[in-house]
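As a plain string of letters, each chain reads:
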Amino acid sequence: DKAIADYSEAIKIEPSNEIAFNNRGNAYSNMKEYDKAIADYSEAIIIDSNYANAYNNRGTVYSKLKDYDKAISDYNESIKIDPYNENTLVNRGNAYLKLKEYEKAIADFTGAIKVNSYYARAYNYRGNTYAIIKEYDKALTDFDLAIQYSDNEDFISETNASKEKVLEIMKK
């Protein structure tokens, strides 16, 4: 892959370039070469222990590998460094959701919404979490906000489907 070759060349030229390691990690992750991605993110973190994106990206790979405890640990480090990154908050919320820690998931989705009140995906994830814990009115409100703040037709269709499922459950 050209991106990997280019980042490898950049690393040869400047072996302490944490951004090149992080970006090569992204390229490996996109190719599902997760061990290599984790190694590159880890190297970026060794070079710069305050590199929030590398922690977030490594956490995302751990989530893909279903190692949610390691993912949450990395998301925690990323959030300590950059507490206002709504994407990392949503990522950690999704990891908590996979572990069925619904209140923690809702807290993270809410945190992401506080950072960016137009973050449609955060409303959608929080709405789905509310639906799981049978707080249907809150779920419907969040689905409506997710739809309102999105212009992606596939996302809107997906959110409408979630909303319809909740409405069906409420009829019973």
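Everything quoted here is computed from the prediction, not taken from an experiment.

Student: Where do I start with the overall build of the protein chain in this structure?
Tutor: Counting its regular elements, the protein chain contains 10 helices and 0 strands. Taken from the N to the C terminus, the helices and strands of the protein chain come in the order α-α-α-α-α-α-α-α-α-α. Summarising its shape, the C-alpha atoms of the protein chain cover approximately 65 × 30 × 25 Å along the three principal directions. Residues counted as buried form 45% of the 172 residues belonging to the protein chain. Taking contacts inside the protein chain between residues at least 6 apart in sequence as the whole, the part at least 24 apart equals 42%. Surface summary for the protein chain: the accessible area is close to 9,400 Å², and the carbon and sulfur share equals 49%. In the protein chain, 23 positive and 29 negative side-chain charges are present, and the distance between their average locations comes to 6 Å.

Student: Any chance you could explain the side chain of Glu86 here in plain terms?
Tutor: Tracing the backbone shows Glu86 in helix α6 (residues 86-98). This buried residue, Glu86, is left without a salt bridge; Arg121 holds the nearest opposite charge, at 12 Å. There is a polar contact of 3.4 Å between the side chain of Glu86 and the side chain of Asn116. Residues in contact with Glu86, not counting those within four places in the same chain, are Ala112, Val115, Asn116 and Tyr119.

Student: Would you take a moment to explain the nonpolar core for this structure?
Tutor: Here is a general trend for soluble globular proteins: nonpolar side chains tend to be buried in one another's company. Val61, Val90, Ala112 and Ala122 are the most contacted members of the largest nonpolar core, which totals 29 residues. Elements with a minimum of two residues in this core: α2 (18-30), α3 (34-47), α4 (52-64), α5 (68-81), α6, α7 (102-115) and α8 (120-132). Here Ala122 is in contact with Val90, Phe109, Ala112 and Ile113, once residues within four sequence places are set aside.

Student: Looking at this structure, how should I read the environment of Ala161?
Tutor: As for its placement among the helices and strands, Ala161 is situated in helix α10 (residues 153-171). The class for Ala161 is partly exposed, based on a relative accessible area of 38%.

Student: Quick question: what am I supposed to make of the packing of α6 against α8 here?
Tutor: The angle between the axes and the distance between the axes are what describe a pair of packed helices. Running from N to C, α6 and α8 cross one another at 20°; their axes reach a closest spacing of 11 Å. Relative to α8, the element α6 lies roughly parallel. Crossing hand, α6 versus α8: left-handed. Side by side, α6 and α8 meet where Val90, Asn94 and Leu97 of the first sit next to Ala122, Tyr125, Thr129 and Ile132 of the second. A class-by-class count of the residues in the contact of α6 with α8 yields 5 nonpolar, 2 polar and no charged.

Student: Sorry if this is basic, but what is going on with the environment of Glu18 here?
Tutor: Structurally, Glu18 is set in helix α2. Taking the C-alpha atoms as reference points, Glu18 and Ser49, separated by 31 residues in sequence, lie 9.8 Å from one another. Every residue in contact with Glu18, bar those within four places of it in the chain, is listed here: Ala44, Ile47, Asp48 and Tyr51.

Student: Would you take a moment to explain α5 for this structure?
Tutor: Residues that lie three or four places apart on an α-helix share one face, since the helix turns once every 3.6 residues. Between its terminal C-alpha atoms α5 stretches 20 Å, which fits the 20 Å expected from 14 residues at 1.5 Å a residue. For α5, every residue scored as buried is listed here: Tyr68, Ala71, Ile72, Asp74, Tyr75, Ser78 and Ile79. Down the axis of α5, the buried set is contained in an arc of 165°. They therefore lie on one face. More than 90 degrees from the buried face of α5, the exposed residues found are Asp69 and Lys80. As for α5, its buried residues are in contact with α4 and α6.

What counts as what
- Residues numbered from 1 in each chain as written.
- Predicted model: local features only at pLDDT ≥ 70, side-chain atom pairs only at ≥ 80, totals over all residues.
- Heavy atoms only, no water.
- Helix = DSSP H or I, 4+ residues; strand = E, 2+ residues; numbered from the N terminus.
- Buried < 20%, exposed > 50% of the residue type's maximum accessible area, 1.4 Å probe, protein only.
- Contact = heavy atoms within 4.5 Å.
- Areas by Shrake-Rupley, 256 points an atom, 1.4 Å probe, with all protein chains shown as cover.
- Lys, Arg positive; Asp, Glu negative; His and termini not counted.
- Charge placed at Lys NZ, Arg CZ, Asp CG, Glu CD.
- Salt bridge = Lys/Arg side-chain N within 4 Å of Asp/Glu carboxyl O.
- Polar contact = N/O pair within 3.5 Å; in protein donor to acceptor, adjacent residues only side chain to side chain.
- Core = buried A, V, L, I, M, F, W, Y, C linked by side-chain atoms within 4.5 Å.
- Axes fitted to C-alpha atoms, helices over the stretch in contact; angles between N-to-C directions.
- Parallel < 35°, antiparallel > 145°, perpendicular 65-115°, else oblique.
- Left-handed = near helix turned anticlockwise from the far one by under 90°.
- Nonpolar A, V, L, I, M, F, W, Y, C, P; charged D, E, K, R; others polar.
- Expected span 1.5 Å × (residues − 1).
- Arc of directions from axis to C-beta.

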